[in-house]
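Chains, contacts and geometry: an overview
The primary structure of each chain is shown beneath.
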Amino acid sequence: MIAGSANWEYKSDGAIAGEGGNPASYVHGARTERMKRYMRFASENGIDSVLVEGWNEGWDTYPGDGSGFGFGVSDSYPDFDVPEVTGFGASLPDPVEMTIHNETAGNLPGYESAIVDEDVFAGYESQGIGSIKNGYVSDPGLGIDGDGAEPTHNQHNQLAVNHHRLVIREAAANRQLLEIHEGIKPTGEIRTHPNVANREVVKAQEYDGFGQLGSNVGRDHHVTLPFTRNLAGPVSFQPGIFDITFGDDRGDQIQTTRAKQLAMYPTYLSGLQMAADRIEGYVDETFGVGEALQAAAGDRDGLVTDDSWRNAFGTNFVAVDPNRAPSGSSVRYVVRGVDEPGTYSLHLRYASAPEENARRVIDAGGPRATLRVNGETETIEPAFTAYWDDWQVFTTEVELAAGDNEIAVELDYEDGEDGFTGDVGGFNLNAVAVTAPGEPSPIPAEYEGYVPENENFDAKPEFGFVEAVPAAGWDETRVVGSAIGDYLAIARRHGEEWFLGVMTDGAGRAVDVPLDFLAPGNSGNAPGNSGNAPGNSGNAPGNAGGRGKDRGRGNGSEKRRGRGRSGPKYVAEIYGDAVGAGVDADPTATRIDEAVVDPSTTLLASTAPSGGAAVRLRPGRGDEIGRLPRYERPEQDLSIEIADEADLDEPFITATGSNDAGFVGGTNVEVVVDGEVETLANVRLPPNATNETVALGYRITAIDTYDVAVRDPETGEELAAETVTVAPGDLVAELTDPAGDDDGPGEYAYPTDGAFREGAFDLRSFRVLETDEEYRFAFEVEDLYDAFGGTFSPHYFVVYLRDPDADGGRTTELGDLSVTAEFAQPWQYRVAASGFAGSVVDADGNGHGTPERFADIESNVAVVSIPKTAVSGADIADWEVLPAVGSEDYGAFRDVQESAGGFIFGGAREGAAGNAPRVIDLITPEGTSQAEALDYGADSLATLPFTPL
């Protein structure tokens, strides 16, 4: 995944410092040590090759003209050694190759010269490299004429076709598979040149990785792609993301469940598949004595991960930081299979800067956390290291029992009116290890030269499907059921085994999958016709039987319940969404079942919102057929209840009932709001449930009163109805602002581009609301809309929070938002939100998480929600606030100059534009006008006042 802080380009410390950067925070991703770790993981988990990008010189000319790229094996950066890497991969018990990346930035002559004149493909073959991912990233177009430095043609033209066919032929001559990104559209070349294993030419999952998981790929895109781009040939979509949230608090999340990621493998036709996540996303939380484990692979509860500092083994480390995690947060590991009880050495690789750290850590004299071993706790206090990229190993003695042992690093603190007490955190945890007493850590402090000989690379159980599913070479394909943009169920055969993928859009959905294609001679029927109604358990596409109270049997027959005994027996390995899973609930929760099926079985794929199911069907062996349960299609009896009051963006519909089988159940219902069908929902009860209550995932994100009904999607029978009032919380305070003062200190003029509507930034009211766990800030403006994509845009909402009784704080901005002003009194916290991202920081610049953002476009209200823990659980009813509105421009307030431009505000005072506050509207206390608050000059900044709640 292209997510996080890693860079393609290598830079020396001097070059980084010369550009005003911090060398310790510049992470070059393609390093020899990192590649070896990925290769070791690949060898132990059935992966043939590892892709590396940014290994070669010339990335300083990307995304410009690409003229500096070197493509030969000797053209690598100083921290990446191609022969050392390929030799290491070849030496592994199950050898692993290197897939090399050739980025051209659209410069075709430079790439052709390397291929034809320098014969770089032959050099790859000599190093045991047999696959290439090449790319042509250049929005202005391709450079084809002269030296290729200037874009002269678009991406799709005959000269580009000629180029790609040259590359394909030369790659084939040197036994290279190709995965082409940003190339021409598929036109059938694979029939002549099967070495074209894959093409991208699609909005693929890497779009989710941009900008800390920008989540740019919509939930219905996944179930539209097979009917569009995938029809043209193999597609590179980069599936297999396990860490859906990337483990941190700085961005969004992938818009699927983990089970849906698995379902992509048999669904998307591809000649060369990826397992696209970081290996820490795949590795489980266990390790043995003498082994090490990356800290980010642990079972985290509250603690977040980060990747901002170099020389961390792996990609992410765990931030042990009270500013970013509530008290009680932890990361947990299991030391498995300890032979003898006794004393062992626990090693923690960590970093902690002595000066650039939270004040409480500095005052405490160093980091502090709680270590829990099998329920027993003690305080650990590692020493400061030189800086955040200076990783050291802290060692302490622990008592372990024979067998499995649980070890956790926790934060236990109180932060209230009497001050902060307890664990100050203050360190980043990179790796953990346990050895016999006195033995050195199997993972060293030093990064360079590391060889992963004693790390645990055992993958999570769900990775078993990735290991088993073929990348290509399908013998047969069956479309069992589908509705474009809603859902699909596709089965593909490879030899004696079948692999099934079922995916849904943003709605949860129960899909019946008849398995009659397993019968000898039956799978060759007309495509999609493996049953009377493909994918349906009734008349409506994608709907399973069981439609509410006393309707649990639906249309299920004895055959559909899998009680037939005809045909060959298969073992179904079912990887599905666990009960309670969902893209907005628990996106990683996955349930794995094994059961015996035959051609008479109808499998119920019960998917959560934006979820899925992946099934491996392999011929059963005699002992398995007798030992494993026979699959029984679940049937449910249900009753539905709708609450008359609901919190903003919280579920308010529940279902109670029973499930008569040992597998997750599913019943489709429609949610109707104000007479319009809003979504399909799937009621999913646990196996063998009796009188079980579950919440439907449907939520409302706009403040209003609604008539809500739930009904049977097949018959239209109403199962429940209620008038529901949706409120964002209890009102703490409401402040109003005059209309028509969206002109800063009085002279500002809007940008001239049509994206900026009149009155867009005119703040009308500001409310502070409270729930049990959150504070919510509601900004009402004259016109809230979405011009550029996102929850809303181009608005930027910021509120500064001030505790009048607190010591400390700051009277200046941090500089990251480009607010050109000072403050009349010190502030302690700042909450900022655009339609694309948000932040909660304290006066020292420490992050306190990412706010949730809701947009009620019809009411012109944006709600920004933060957990109370982000402000240390304080009661803010007596605090002061400074709410401000501006326009967001790449994460900062939009510029103001003397004359307005297409995307620049006008009206800055002559000779003083550099001091113009970029705030367009704000609320001021009684007796202070907005013009006074925002007043500035060539030699003076505006001084912004606070308003008491």
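Let us look at the structure shown here. (Residues numbered from 1 in each chain as written. Predicted model: local features only at pLDDT ≥ 70, side-chain atom pairs only at ≥ 80, totals over all residues. Heavy atoms only, no water.)

1. Focus on the overall build of the chain
Worth spelling out the cut-off: By the criteria applied, helices consist of DSSP H or I runs no shorter than four residues and strands consist of E runs no shorter than two, each listed in order from the N terminus. A simple rule labels every residue: compare its accessible area, found with a 1.4 Å probe on the protein chains alone, to the largest value its type can have, and call it buried under 20%, exposed over 50%, or partly exposed in between. It only takes one pair of heavy atoms within 4.5 Å for two residues to be counted as in contact. Here the Shrake-Rupley method, with its probe set to 1.4 Å, supplies the accessible areas, and only the displayed protein chains count as covering residues.
Helix and strand counts for the chain come out as 13 helices and 52 strands. Here the chain holds 949 residues, and the buried ones make up 57% of them. Across the chain, the fraction of contacts at a sequence separation of at least 24, relative to all contacts at a separation of at least 6, is 72%. Counting every atom, the chain has about 35,200 Å² of accessible surface; 44% of that belongs to carbon and sulfur.

2. Examining the side chain of Gln255
Stated formally: Any pair of nitrogen or oxygen atoms within 3.5 Å is treated as a polar contact; in protein, a donor-acceptor pairing is required on top of that, and neighbouring residues in sequence qualify only through side-chain atoms on both sides.
Structurally, Gln255 is set in the loop between helix H7 (206–213) and helix H8 (258–267). A polar contact is formed between the side chain of Gln255 and the side chain of Arg219, at a distance of 2.8 Å. A distance of 3.1 Å separates the side chain of Gln255 from the backbone oxygen of Gln253, its partner in a polar contact.

3. Describing the sheet that holds strand S36 (residues 704–711)
As a general point, the strands of a sheet are linked pairwise by backbone hydrogen bonds and lie either parallel or antiparallel. Rules: The pairing criterion for strands is at least two bridges between them, as found by DSSP. Fitted lines through C-alpha atoms give the axes, limited to the stretch in contact for helices. The angle between two N-to-C directions lies from 0 to 180 degrees.
Taken together, five strands build an open sheet; the order of strands is S31-S37-S36-S33-S34 and the sheet is mixed. If you trace the sheet from one side to the other, it starts and ends with strand S31 (645–647) and strand S34 (676–683), each paired once. For this sheet, the mean inter-axis angle between neighbouring strands, taken without regard to orientation, is 35°.

4. Let's talk about the sheet that holds strand S39 (residues 763–770)
Reading across from one edge, S38-S39-S40-S47-S46 is the order of the five strands in this open sheet, with antiparallel pairing throughout. Unpaired on one side and paired on the other, strand S38 (730–736) and strand S46 (852–856) mark the two borders of the sheet. For this sheet, the mean angle separating the axes of adjacent strands, direction not counted, is 15°. One ladder, built from five bridges, connects S46 with strand S47 (residues 861–867); its direction is antiparallel.

5. Here's the deal with the pattern of salt bridges
Under the convention used in this document: A side-chain nitrogen of Lys or Arg and a carboxyl oxygen of Asp or Glu constitute a salt bridge if their distance falls within 4 Å.
Summed over the entire model, instances satisfying the criterion amount to 50 salt bridges. Of the charged contacts, one joins Arg368 and Glu381 as a salt bridge, the two residues approaching to 3.2 Å between their closest N and O atoms. Placement of the pair is Arg368 in the loop between helix H10 (359–364) and strand S15 (369–373) and Glu381 in the loop between strand S16 (376–380) and strand S17 (392–400), with a sequence separation of 13 residues. The salt bridge involving Arg616 is made with Glu573; its shortest N-O contact spans 3.7 Å. Within this pair, whereas Arg616 is found in strand S29 (residues 612–619), its partner Glu573 is found in strand S26 (residues 570–577), the two being separated by 43 residues in sequence. Of the two residues, Arg616 and Glu573, both sit in the buried class.

6. Considering the nonpolar core
Under the convention used in this document: Among buried residues, the Ala, Val, Leu, Ile, Met, Phe, Trp, Tyr and Cys ones that are joined through side-chain atoms within 4.5 Å form a nonpolar core.
Membership of the largest hydrophobic core comes to 90 residues, with the highest contact counts inside it found for Met98 and Leu429. Setting aside its immediate chain neighbours within four residues, Leu429 contacts Ala295, Phe317, Val318, Val320, Val331, Tyr333, Leu348, Arg349 and Val409.

7. Examining helix H3 (residues 82–91)
The line we're drawing: By definition, the arc is the one covered by directions from the helix axis to the C-beta atoms.
Within H3 the residues assigned to the buried category are Val82, Val85, Thr86, Phe88 and Gly89. Axial view of H3: buried residues confined to an arc of 155°, hence all on one face. Turned more than 90 degrees away from the buried face of H3, the exposed residues are Ala90 and Ser91. On its buried side, H3 packs onto helix H2 (32–44) and strand S4 (97–103).

8. Remarks on helix H4 (residues 108–116)
Turning to H4, its buried residues are Leu108, Pro109, Tyr111, Ala114 and Ile115. Packing partners of the buried residues in H4 comprise S4, helix H5 (120–126), strand S5 (131–135) and helix H6 (158–173). A distance of 3.0 Å separates the backbone nitrogen of Gly110 from a side-chain oxygen at the start of H4, and that oxygen is part of Asn107.

9. Some words on unusual backbone geometry
In this structure, the amide linkage connecting Tyr62 to the following residue, Pro63, adopts the cis form with an omega of 5°. Checked against the element boundaries, Pro63 lands in the loop between strand S3 (49–52) and H3. Here the residue pair Ser793 and Pro794 is connected by a cis peptide bond, since its omega of 15° sits within 30 degrees of zero. Relative to the helices and strands, Pro794 is located in the loop between strand S40 (774–781) and strand S41 (795–802).

10. Quick word on the packing of aromatic side chains
How we decide: Each Phe, Tyr or Trp ring, with Trp reduced to its six-membered ring, pairs with another whose centre is within 6.5 Å; inter-plane angles below 30 degrees give stacked pairs, above 60 give edge-to-face pairs, and intermediate values give tilted ones. Criterion for a charge above a ring: Arg CZ or Lys NZ at most 6 Å from the ring centre, at most 35 degrees from the ring normal.
Counted according to the given criterion, the structure contains 46 aromatic pairs. Aromatic side chains Trp8 and Tyr62 sit 6.0 Å apart centroid to centroid with 65° between the ring planes, which places their arrangement in the edge-to-face category. With a gap of 54 residues between them, Trp8 in the loop between strand S1 (6–7) and helix H1 (13–18) and Tyr62 in the loop between S3 and H3 connect regions that are remote in the sequence. Classification of Trp8 as partly exposed rests on a relative accessible area of 27%. Aromatic rings pair up to connect Trp8, Trp59, Tyr62, Phe69, Phe71, Tyr111, Phe121, Tyr124 and Tyr136 into one cluster. Taking the ring centre of Tyr936 as reference, the NZ or CZ of Arg909 above it sits at 4.5 Å.

11. As for empty space enclosed by the protein
Counted only if it meets this: Method remark: on a 1 Å grid restricted to protein atoms, a set of points is classed as a cavity if a 1.4 Å probe fits but cannot get out and as a pocket if it is open with protein on both sides within 12 Å along at least five of seven lines; lining residues have an atom within 4 Å of a point. Grid points are joined across faces, edges and corners, and a volume is the space filled by probe spheres set on the points. Note that Gly is not counted as nonpolar here; it falls among the polar residues with everything else outside the nonpolar set of Ala, Val, Leu, Ile, Met, Phe, Trp, Tyr, Cys and Pro and the charged set of Asp, Glu, Lys and Arg.
By the definition in use, this model includes two cavities of 30 Å³ or more. The volume enclosed by the largest cavity comes to roughly 160 Å³. What lines the largest cavity is a set of 15 residues, and nearest its centre among them are Ile574, Asp593, Leu604, Ser606 and Val664. Among the elements of the structure, S26, strand S27 (590–597), strand S28 (602–607) and S29 are those that each provide at least two residues to the lining of the largest cavity. Of the residues forming the lining of the largest cavity, the biggest block, four residues, is contributed by S28. Tallied by class, the residues present in the lining of the largest cavity amount to nine nonpolar, two polar and four charged. If you add up the space inside the second largest cavity, you get close to 40 Å³. In terms of lining residues, the second largest cavity is bounded by Pro322, Asn323, Arg360, Tyr413, Asp415, Phe420, His848, Thr869 and Ser872. For the lining of the second largest cavity, the class distribution of residues is three nonpolar, four polar and two charged.

12. Quick look at the packing of H2 against H3
The condition is simple: Working rule for angles: under 35 degrees goes down as roughly parallel, over 145 as roughly antiparallel, 65 to 115 as roughly perpendicular, anything else as oblique. Crossings are classed by handedness, with left-handed meaning an anticlockwise turn of the near helix from the far one by less than a right angle and right-handed meaning a clockwise turn.
At their nearest, the axes of H2 and H3 sit 10 Å apart, and the two run at 20° to each other. The orientation of H2 relative to H3 falls into the category roughly parallel. Of the two elements, H2 crosses H3, and the hand of that crossing is right-handed. On H3, the residues that touch Thr32, Met35, Lys36, Met39 and Arg40 of H2 are Glu84, Val85, Phe88 and Gly89.

13. Remarks on the pairing of strand S12 (residues 317–320)
By the bridge criterion, three bridges tie strand S11 (residues 304–306) to S12 in an arrangement that is antiparallel. Within the sheet, the bridge partner assigned to Thr305 lies in S12 and is Val318.

14. Some remarks on a negative patch on the surface
Selection criterion: A patch consists of residues whose relative accessible area exceeds 30% and which take part in no salt bridge; residues with like charges are grouped when within 9 Å of each other, and nonpolar side chains (Val, Leu, Ile, Met, Phe, Trp, Tyr) when within 5 Å. The charge count treats Lys and Arg as positive and Asp and Glu as negative. His and the chain ends do not count. Working definition for charges: the position is that of NZ of Lys, CZ of Arg, CG of Asp or CD of Glu.
On the surface, Asp674, Glu676, Glu678, Asp704, Asp707 and Glu858 cluster together into a patch of negative charge. Elements supplying a minimum of two residues to the negative patch: S34 and S36. Tracing the chain through its elements places Glu676 in strand S34. What makes Glu676 exposed here is its relative accessible area of 52%.

15. A few points about the packing of H4 against H6
Between H4 and H6, the shortest axis-to-axis distance is 11 Å and the interhelical angle comes to 20°. Between H4 and H6, the interaxial angle falls into the category roughly parallel. When you trace H4 past H6, the crossing you get is left-handed. Residues Leu108, Tyr111, Glu112, Ile115 and Val116 of H4 form the contact with H6, whose participating residues are His163, Leu166, Val167 and Glu170.

16. Thoughts on the environment of Trp55
With respect to the helices and strands, the residue Trp55 is situated in the loop between S3 and H3. Once the C-alpha coordinates of Trp55 and Asp660 are considered, the two residues, 605 residues apart in sequence, prove to be 56 Å apart. For Trp55, the side chain forms a polar contact with the main-chain oxygen of His101, separated by 2.9 Å.

In short, shape yes, function no, at least from these values alone.
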